[in-house]
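Here's the letter readout for the chains.
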Amino acid sequence: MVNAQAVRTWLQQKGIDRCGACGSEDLQVSRDLYALVTIDRTTGGPDHRRGTRAVRLRCGNCAHLVLLHARQMGLEE
Ligand SMILES: [Zn+2]
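Some points on the nonpolar core
Here is step 1 of the chain: Residues V2, V7, W10, L11, V29, V55, L57, L68, A70 and M73 constitute the largest nonpolar core, which totals ten residues.
Here is step 2 of the chain: For this core, the secondary structure elements donating two or more residues are helix 1 (4-13) and strand 2 (46-59).
Here is step 3 of the chain: Residues within four places of A70 in sequence aside, it is in contact with L33, R53, A54, V55, L75 and E76.

This is the structure:
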């Protein structure tokens with residue numbers, strides 16, 4: 001479960017207050033973390049042992065999606 005308030009505080013500290021595509025301030029924080037899974041170079045399939053966890057922001061106006069690196073945001077160890 002993502003701490004939406006912690007994400008909003010982080011966004012505010014970084015000066016991010018609106019959608020980069022349309023300018024709307026309606027940015028919705030995902031409840032769950034998402035995973036960007038690395039593709040195994042040998043098999044060409046997903047390697048579920050390696051990857052990046054991300055918080056998803058979705059613009060309530062234009063549906064633009066943004067992924068933020070959870071560890072860099074301090075949301076995981
Ligand atoms: Zn937008």
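Concerning the pattern of salt bridges
Here is step 1 of the chain: Per the counting criterion, the structure on display carries four salt bridges.
Here is step 2 of the chain: With a shortest N-O distance of 3.1 Å, R18 and D17 are connected by a salt bridge.
Here is step 3 of the chain: Looking at D17, the relative accessible area reads 44%, which means it is partly exposed.
Here is step 4 of the chain: The partner of D47 in a salt bridge is R50, and the shortest N-O contact between them spans 4.0 Å.
Here is step 5 of the chain: Judged by relative accessible area, which is 6%, D47 ranks as buried.
Here is step 6 of the chain: Salt bridges sharing common partners tie together D17, R18 and E25.

Digging into the layout of surface pockets
Here is step 1 of the chain: Each pocket or cavity is described by its volume, and for the largest pocket that value is around 190 Å³.
Here is step 2 of the chain: In this structure, the largest pocket is lined by A35, L36, V37, H48, R50, G51, T52, R53, H69, R71 and E76.
Here is step 3 of the chain: When residues of the lining of the largest pocket are traced back to their parent elements, those giving at least two are strand 1 (27-39) and strand 2.
Here is step 4 of the chain: Broken down by class, the residue content of the lining of the largest pocket amounts to three nonpolar, four polar and four charged.

A few points about the pairing of strand 1
Put simply, side chains in a regular strand alternate between the two faces of the sheet.
Here is step 1 of the chain: Where strand 1 lies against strand 2, ten bridges are found, and the strand directions are antiparallel. Bridge pairing in strand 2 links Y34 to A54.
Here is step 2 of the chain: Hairpin geometry of strand 1 and strand 2 is characterised by an intervening segment of six residues between the two adjacent antiparallel strands and by a positive phi of about 80° at G44.

Thresholds, definitions, all that
- Residues numbered from 1 in each chain as written.
- Predicted model: local features only at pLDDT ≥ 70, side-chain atom pairs only at ≥ 80, totals over all residues.
- Heavy atoms only, no water.
- Core = buried A, V, L, I, M, F, W, Y, C linked by side-chain atoms within 4.5 Å.
- Buried < 20%, exposed > 50% of the residue type's maximum accessible area, 1.4 Å probe, protein only.
- Helix = DSSP H or I, 4+ residues; strand = E, 2+ residues; numbered from the N terminus.
- Contact = heavy atoms within 4.5 Å.
- Salt bridge = Lys/Arg side-chain N within 4 Å of Asp/Glu carboxyl O.
- 1 Å grid on protein atoms, 1.4 Å probe; cavity = no way out; pocket = protein on both sides within 12 Å on 5 of 7 lines; lining within 4 Å.
- Points joined across faces, edges and corners; volume = space filled by probe spheres on them.
- Nonpolar A, V, L, I, M, F, W, Y, C, P; charged D, E, K, R; others polar.
- Pairing = 2+ DSSP bridges.

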